[in-house]
Amino acid sequence: MKMPDPDAQTLARRDEIVAAMRAFVPGEGVIADETGMAVYESDGLTAYRQLPMIVVLPETVGQVSAIMRYCNENAVKIVPRGAGTSLSGGALPAADAITLGLGKFNRVLEIDYDNRCAVVQPGVTNLGITHAVEADGFYYAPDPSSQIACTIGGNVAENSGGVHCLKYGLTTNNILGIEMVLPDGEILRLGGKHMDSEGYDLLGLMTGSEGLLGVITEVTVRILPKPATARALMIGFESSTAGGQCVADIIGAGIIPGGMEMMDRPAIKAAEAFVQVGYPLDVEALLLVELDGPPVEVDYLIGRVREIAEGLGAVSIRVSESEDERNQFWAGRKAAFPAIGRLTPDYYCMDGTIPRHRLPEVLERMSVLSDKYGLGVANVFHAGDGNLHPLIMYDANKPGELDRAENFGSDILRLCVEVGGVLTGEHGVGVEKRDLMSEVFTEDDLNQQQRVKCAFDPNQLLNPGKVFPTLHRCAELGRMHIHRGKMPFPDLPRF
């Protein structure tokens, strides 16, 4: 996987750039020594590493604005970074770029229960939002498995989901507004505490933009009252095919669980060994179904789900009888990724999305691919919305295994596209899936997307080397600019 060649002229000006950054961010906010920067050499896609040119850790919006303005005027590239939990290489540094860390933007600025929202800085962790409001009976719904560490700014950049996104939506469905700094240093606000904004949906455009269009410095999130009741079923099946069919039948019956997750035998065994919550070890697939709402509704839906599962030959069904037991059911699922680390020196966590009804077929074909590449795979899914997270097991110390793991992963993603799915459900494209974008999009599609990039970042300085397999100069695409709220599109007819 080739990243853009470093800009020699920029590297030659490194001392000058370091001095400029220290003028903007005094004290310990600029890291320029190799040892200090090693912490930032990769994100969650640890197979790829690159020391940044320098690391800058601003604390105020004014500092971010000054840094962005300087970099824009002096052709210096910037890689925005949150907590570094991205699994697609979205925060992978560039040798000739500043890594701009937002970790010091870590305060909850306002909690507004009347409008059911909270205003937070981008470095606040996902779980930290819920902790800030749970004493008053509220929570923040999207809950990625990395929620204890991942930050809301990164969640917006990747449009993260989680266990409960089936019923309550992804990040894009749970944010109301953002403050962002454009590449030229201008500070822009999109949305607010109100439900919707007039005009173009720029807030939707920024959500999932992977740090290519601007740097987020504040987020207004929607908070929800906790459901009156939440209970979970743990259902075991003799085959993944039966488990996948159960998922389809539950949704087909008009039931929308708060969460619905599935694990195959390798993932079940690893999770149980890691957290010991009582997962059955004699099943091929384990389905976790959470139902929430008024107690009478939850009791009724538990009965409906039980009937569906029994009709498909479920070999074990267990229903949580307390909040602690419900949390135990989910503890294994939440710990599935680190649990796999006990089975293999390295693993490659994939992220693709498919139509729910194709799940049994995809699992069978994934097994064939596993035999082809000679590598094991454990499967964990957001089963309700078809978001797959295959965990390919390999040993990077064995020559050729990383390459085989990458090729295996690419074939899984091609399979997702073949059956009508997409390359990513929540991890983003980053560098991991960049060279597979042409599997989904035509050249015209990609050019149109790059025109949006040019509108925000005409000098192509933000997060270089990510998302687009081939990056064109803005002049080649019909250069567009943003000017104080105006977005002229010169190729369009005027009336």
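The written sequence of each chain sets the order in which its residues are numbered from 1. Only residues with pLDDT of 70 or above have their local features reported here, since the model is predicted, and side-chain atom pairs are shown and tallied only from 80 upward, although totals for entire chains, interfaces and linings are computed over all residues. Note that water and hydrogens are dropped before the side-chain values are worked out from all heavy atoms of the structure.

Per-residue pLDDT for the protein averages 92, and the proportion of residues at 70 or more is 96%. Contacts for the low-pLDDT stretch residues 480–495, under 50 throughout, to residues beyond four places or in other chains number 23 contacts. Think of pLDDT as the predictor's per-residue confidence, scored from 0 to 100. Residue contacts are counted whenever heavy atoms from the two residues lie within 4.5 Å of one another.

Take the sheet that holds strand β8 (residues 175–181) next. Sheet strands associate in pairs through backbone hydrogen bonding, adopting either a parallel or an antiparallel arrangement. Whether two strands pair depends on DSSP finding at least two bridges between them. Helical segments are the DSSP runs of H or I of at least four residues, strand segments are the runs of E of at least two, and each set is numbered from the N terminus. Ordered by their spatial adjacency, five strands build an open sheet running β5-β6-β10-β8-β9, and the pairing between neighbours is antiparallel. At either end of the open sheet lies a strand with only one pairing partner, and these are β5 (108–112) and β9 (187–191). If you compare each strand with its neighbour and ignore which way they point, the axes differ by 15° on average. Here β5 runs beside strand β6 (residues 117–120); their pairing, made up of four bridges, is antiparallel. In the sheet register, Glu 110 faces β6, and the bridge partner there is Val 119. Inter-axis angles, ranging from 0 to 180 degrees, are taken between N-to-C directions of lines fitted to C-alpha atoms, where helices are fitted over the stretch in contact.

A word on the packing of helix α9 (residues 240–252) against helix α11 (residues 295–311). Where α9 meets α11, the axes come as close as 10 Å, and the angle between the chain directions of the two elements is 140°. In terms of orientation, α9 lies oblique with respect to α11. The hand of the α9/α11 crossing is right-handed. Of the residues in α11, those in contact with Cys 246, Asp 249 and Ile 250 of α9 are Val 305, Ile 308 and Ala 309. Each residue receives one of three labels: charged for Asp, Glu, Lys and Arg, nonpolar for Ala, Val, Leu, Ile, Met, Phe, Trp, Tyr, Cys and Pro, and polar for the others, Gly being one of them. Within the contact of α9 with α11, the residues separate by chemical class into five nonpolar, no polar and one charged. Note on terminology: angles under 35 degrees are roughly parallel, angles over 145 are roughly antiparallel, angles of 65 to 115 are roughly perpendicular, and the others are oblique. In a left-handed crossing the near helix is turned counterclockwise from the far helix by less than a right angle, and in a right-handed crossing that turn is clockwise.

With that settled, the discussion passes to the sheet that holds strand β2 (residues 54–56). The strand order across the open sheet built from four strands is β1-β2-β4-β3, with neighbouring strands paired in mixed fashion. Only two strands of the sheet have a single partner each, and these edge strands are β1 (30–31) and β3 (77–81). The sheet contact formed by β1 and β2 spans two bridges and is antiparallel. Following the sheet pairing, Val 30 is matched in β2 by Val 56. Where helix α4 (residues 61–73) meets the sheet, its contacts fall on β2, β3 and β4 (97–101), and the angle it forms with β4 comes to roughly 165°.

Attention now goes to helix α10 (residues 265–275). Classification of residues uses two cut-offs on accessible area relative to the type maximum, computed with a 1.4 Å probe and protein chains only: under 20% is buried, over 50% is exposed, and between them is partly exposed. Of the positions making up α10, those classed as buried are Ala 267, Ile 268, Ala 270, Ala 271 and Glu 272. If you follow the buried residues of α10, they end up packed against β13 (259–264), β14 (285–293), α12 (323–334), α13 (336–340) and β18 (377–382). Just beyond α10, the residue with positive phi is Gln 276, at close to 50°.

Before going further, it helps to examine the packing of aromatic side chains. Pairing of aromatic side chains requires ring centres within 6.5 Å, counting the rings of Phe and Tyr and the six-membered ring of Trp. Pairs whose planes differ by under 30 degrees are stacked, by over 60 edge-to-face, and all others tilted. For the structure on display, the rule yields four aromatic pairs. Summarising the aromatic geometry, the rings of Tyr 139 and Tyr 168 are spaced 6.4 Å apart at their centres and angled 85° between planes, so their arrangement reads as edge-to-face. Note that Tyr 139 is positioned in strand β7 (residues 138–139) and Tyr 168 in helix α7 (residues 165–168), a separation of 29 residues in sequence. Classification of Tyr 139 by relative accessible area gives buried; the value is 13%.

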